[in-house]
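Below are the chains, spelled out letter by letter.
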Amino acid sequence: MANTQRAQFSSRLGFILAAAGSAIGLGNIWGFPTQTASNGGAVFLFIYLLMVFVLAYPLLIAELTIGRYGNANPVRSLSAVSGGQKWIGRLLGLVGLLGATGILSFYTIVAGWLVGYMVSPLLALTGFTDAAAWLESFSETRNLALMLCFMVPTILVVRNGIANGIERWSSRLMPVLFLLFVIMVIYILFQPGAMEGLKMYLIPDMSHLSPGLVVSAMGQAFFSLSLGVCVMMVYGSYLSKTANIPKTAAQVALLDTGIAFIAGLLIMPAMFVAQHNGVAIYSEAGALLSSDTLVFSVLPAMFDTMGTAGIFIGFAFFLLMVIAALTSAISLLEVPVACATEEFRQSREKAVWWIGGLITIASAVIVYNFGDLFGLVVTVTTEYAQPILGLLFALVAGWLWHRNEILKELVQGSPELGETWFWKIWPGYVRVICPILMLLVFGWDWI
Ligand code: TRP
């Protein structure tokens, strides 16, 4: 087919960094620490790790394999693995595409706030105090302006395509991100009060375990690994046939989970350092006071106590978060763009502008109806669409796709695969165990 000329990641490392770049984002640095802090610390951490290993990792392999086999956009890849039921695949691809679009439309708003918190201290430093205060206070105009500041670079990177855009940026930015993180963790652990946060993060208190916690941990694992809305499928379609998918997926999952763990190592102690310095974190009853804005209140408070150095550390931290969010946003935009370039035979340039434009309009609608729409879009896309679609992808891979075809696809990158314990377990696991586990998690919460 015409697909032989299809773009590819130019190196294995490039792919891993790009896929990890997609996975690592607001979910790790904002979602995970916030959830951990409000769900009792270590228990959430352990259930989350379990969910990544038991559910998310096997499904990540499924998504990557479907994408690479299809060597096309998700709509086509999914219909290619749907056996006689091509319409099911096409429908799932389309719903996934809409899911990715929905996630991007709220993601850019939150990422925009990061841009605001990054620039604001610099403005304050140079005397533009009014502008700095405006950037840190909630308003529709500010949300719109900052969303645009984030959306335009996202569109520009995706416009440049795979090797030049997504891969080049991810492989440059990811190591910087990692380094900045390690420096900040070392710094915070030497501050007074940090040990209390560290204890809460690492020593489990089983009384916090509840069905709701398990559902949240599952959702967090899916969100963090970018599963369920065809993002990893699209990236898989650009993956070279000689790459070993189970191994690559493990590396991506480890990097992502590692960064989430390190983010917890930074933010949990930072909360208690802030508390030590007089910022109220937990209410008398022990509930987190500002759960959604934890990162936006605790950290600037911490930076403030550092004097001038805090301005630069704060700038570096928010820069790091913007970078991480950018490499995630480009993966979300790539899903509809890949579909449009192949299905409508459009140039990437053209597809990126009209799709990016539509998503910008959707974000603007959310900005102007924030109270009604923001939470709704987040819930519908991440709590329902992602796990349910992830489950349906598993069912397609497990029940409609021929086992031999899957093996043929996987052995290209690891010739011995048919003999390994991985192959003895994974197909049946995705076919039966994953769906049952997921139903158990939802079921336990409902009853
Ligand atoms: N995983 C990213 C994060 O942790 C966000 C993201 C990128 C995403 N692509 C996705 C989330 C697809 C869900 C689905 O911030």
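- As recorded by an unreviewed UniProt entry, the protein chain carries the name Sodium-dependent transporter and is attributed to Salinivibrio kushneri.
- The annotation that UniProt attaches to the protein chain under Subcellular location (unreviewed entry) is "Membrane".

1. Considerations on the overall build of the protein chain
Step number 1: Helix and strand content of the protein chain: 18 helices and 0 strands.
Step number 2: For 447 residues, the compact-globule estimate of 2.2 N^0.38 gives 22 Å, and the protein chain sits close to it at 21 Å.
Step number 3: The principal-axis extent of the C-alpha atoms belonging to the protein chain is close to 65 × 50 × 40 Å.
Step number 4: The buried share of the protein chain, taken over its 447 residues, is 56%.
Step number 5: Looking at the protein chain alone, contacts between residues at least 24 apart form 82% of all its contacts between residues at least 6 apart.

2. Some words on the packing of aromatic side chains
Step number 1: Under the counting rule described, the total for this entry stands at 17 aromatic pairs.
Step number 2: Measuring from centroid to centroid gives 6.3 Å for F303 and F318, while their planes differ by 75°, and the two rings are edge-to-face. Of the two residues, F303 is situated in helix α13 (residues 294-304) and F318 in helix α14 (residues 308-343); the sequence distance between them amounts to 15 residues.
Step number 3: A relative accessible area of 2% places F318 in the buried class.
Step number 4: One residue, R431, lies across the ring of W399, its end atom 3.7 Å from the ring centre.

3. Notes on the pattern of salt bridges
Step number 1: A complete count under the given rule lists 6 salt bridges for this structure.
Step number 2: For the salt bridge of R76 with E343, the shortest nitrogen-to-oxygen distance reads 2.9 Å. Of this pair, R76 sits in helix α4 (residues 74-80) while E343 is found in helix α14, placing the two residues 267 residues apart along the sequence.
Step number 3: Judged by its relative accessible area of 37%, E343 is partly exposed.
Step number 4: For E349, the salt bridge is made with R159, and the minimal N-O distance between the two is 3.9 Å. Placement of the pair is E349 in helix α15 (residues 348-368) and R159 in helix α7 (residues 140-159), with a sequence separation of 190 residues.
Step number 5: Through salt bridges with shared partners, a single ionic network connects R68, K241 and E409.

4. So, the site of the ligand
Step number 1: What surrounds the ligand is a group of 17 residues, the closest being A23, G27, Y107, F223 and Q386.
Step number 2: Note that a nitrogen atom of the ligand is positioned 3.1 Å from one of the backbone N or O atoms of S224.
Step number 3: Alone, the ligand offers 360 Å² of accessible surface; in the complex the protein occludes 100% of this.
Step number 4: Class assignment of the residues belonging to the shell around the ligand gives a composition of 8 nonpolar, 9 polar and no charged.

5. Some points on the nonpolar core
Step number 1: By size, the foremost hydrophobic cluster in this structure holds 158 residues, and its most contacted members are M51, L60, F181, M271, F317 and W426.
Step number 2: Per-element tally for this core: the top contributor is α14, with 18 residues.
Step number 3: When sequence neighbours within four positions are dropped, the list of residues in contact with L60 reads L225, L227, M232, A249, V252 and A253.

6. Observations regarding the side chain of T257
Step number 1: Inspection of the secondary structure assignment puts T257 in helix α12 (residues 245-276).
Step number 2: In terms of polar contacts, T257 uses its side chain to reach the backbone carbonyl oxygen of A253, at 2.6 Å.

7. Description of the side chain of T65
Step number 1: Checked against the element boundaries, T65 lands in helix α3 (residues 42-70).
Step number 2: Other than its neighbours up to four places away in sequence, T65 contacts I245, W401, I406, E409 and L410.

8. A look at the packing of α7 against α14
For any two helices packed against each other, the geometry comes down to the angle between their axes and how far apart the axes lie.
Step number 1: For the pair α7 and α14, interaxial distance at closest approach is 9 Å and the crossing angle is 60°. The angle between the axes of α7 and α14 places the two elements in the oblique class. As α7 runs across α14, the sense of the crossing is right-handed. Side by side, α7 and α14 meet where F150, P153, T154, I155, V157 and V158 of the first sit next to V322, A325, L326, A329, I330, L333, E334 and V337 of the second.
Step number 2: Considered class by class, the residues forming the contact of α7 with α14 number 12 nonpolar, 1 polar and 1 charged.

9. A few points about unusual backbone geometry
Step number 1: In the Ramachandran plot, S226 falls in the positive-phi region, its phi being about 55° despite a non-glycine side chain.
Step number 2: With respect to the element layout, S226 can be found in the loop between α10 (211-224) and α11 (231-237).
Step number 3: Overall, S226 belongs to the buried group, its relative accessible area being 10%.
Step number 4: One non-glycine residue, R345, lies in the positive phi region at around 50°.
Step number 5: Take R345: it is sitting in the loop between α14 and α15.
Step number 6: R345 sits in the exposed class, given a relative accessible area of 73%.

Criteria and thresholds
Residue positions within a chain follow its written sequence, with the count starting from 1. Totals for whole chains, interfaces and linings use all residues, but because this is a predicted model, local features are given only for residues with pLDDT of at least 70 and pairs of side-chain atoms are given and counted only at 80 or more. Think of the side-chain values as coming from all heavy atoms in the structure, minus any hydrogens and water. UniProt positions are given in the numbering used here, feature names are shortened, and annotations may be inferred rather than shown by experiment. Each helix is a run of H or I in the DSSP string that is no shorter than four residues. Each strand is a run of E no shorter than two, and both are numbered from the N terminus. The atom set for the radius of gyration is the C-alpha atoms, and the globule formula is 2.2 Å times the number of residues raised to the power 0.38. Each residue's exposure class comes from its accessible area (1.4 Å probe, protein chains only) as a fraction of the maximum for that residue type: buried when under 20%, exposed when over 50%, partly exposed otherwise. We call two residues contacting when some pair of their heavy atoms lies within 4.5 Å. The rule is short: rings of Phe, Tyr and Trp, with Trp giving its six-membered ring, pair when the centres are within 6.5 Å, and they are stacked under 30 degrees, edge-to-face over 60, tilted in between. Note on criteria: charge over ring means Lys NZ or Arg CZ within 6 Å of the ring centre, with the direction from the centre no more than 35 degrees off the ring normal. What makes a salt bridge here is a side-chain nitrogen of Lys or Arg within 4 Å of a carboxyl oxygen of Asp or Glu, nothing more. When at least one non-hydrogen atom of a residue lies within 4 Å of a molecule or strand, that residue is treated as near it. Here a polar contact is recorded for every N or O atom pair within 3.5 Å, except that within protein the pair must consist of a potential hydrogen donor and a potential acceptor, and residues adjacent in sequence are included only if both atoms are side-chain atoms. Only the protein chains shown count as covering a residue, and every accessible area follows the Shrake-Rupley method with a 1.4 Å probe. Note that Gly is not counted as nonpolar here; it falls among the polar residues with everything else outside the nonpolar set of Ala, Val, Leu, Ile, Met, Phe, Trp, Tyr, Cys and Pro and the charged set of Asp, Glu, Lys and Arg. By nonpolar core we mean a set of buried residues, namely Ala, Val, Leu, Ile, Met, Phe, Trp, Tyr and Cys, connected to one another through side-chain atoms within 4.5 Å. A fitted line through C-alpha atoms serves as each axis, taken over the contacting stretch for helices, and the angle formed by two N-to-C directions is quoted from 0 to 180°. Comment on the angle field: the value is read as roughly parallel under 35 degrees, roughly antiparallel over 145, roughly perpendicular from 65 to 115, and oblique elsewhere. Each crossing gets its handedness from the near helix: less than a right angle anticlockwise from the far helix is left-handed, clockwise is right-handed.

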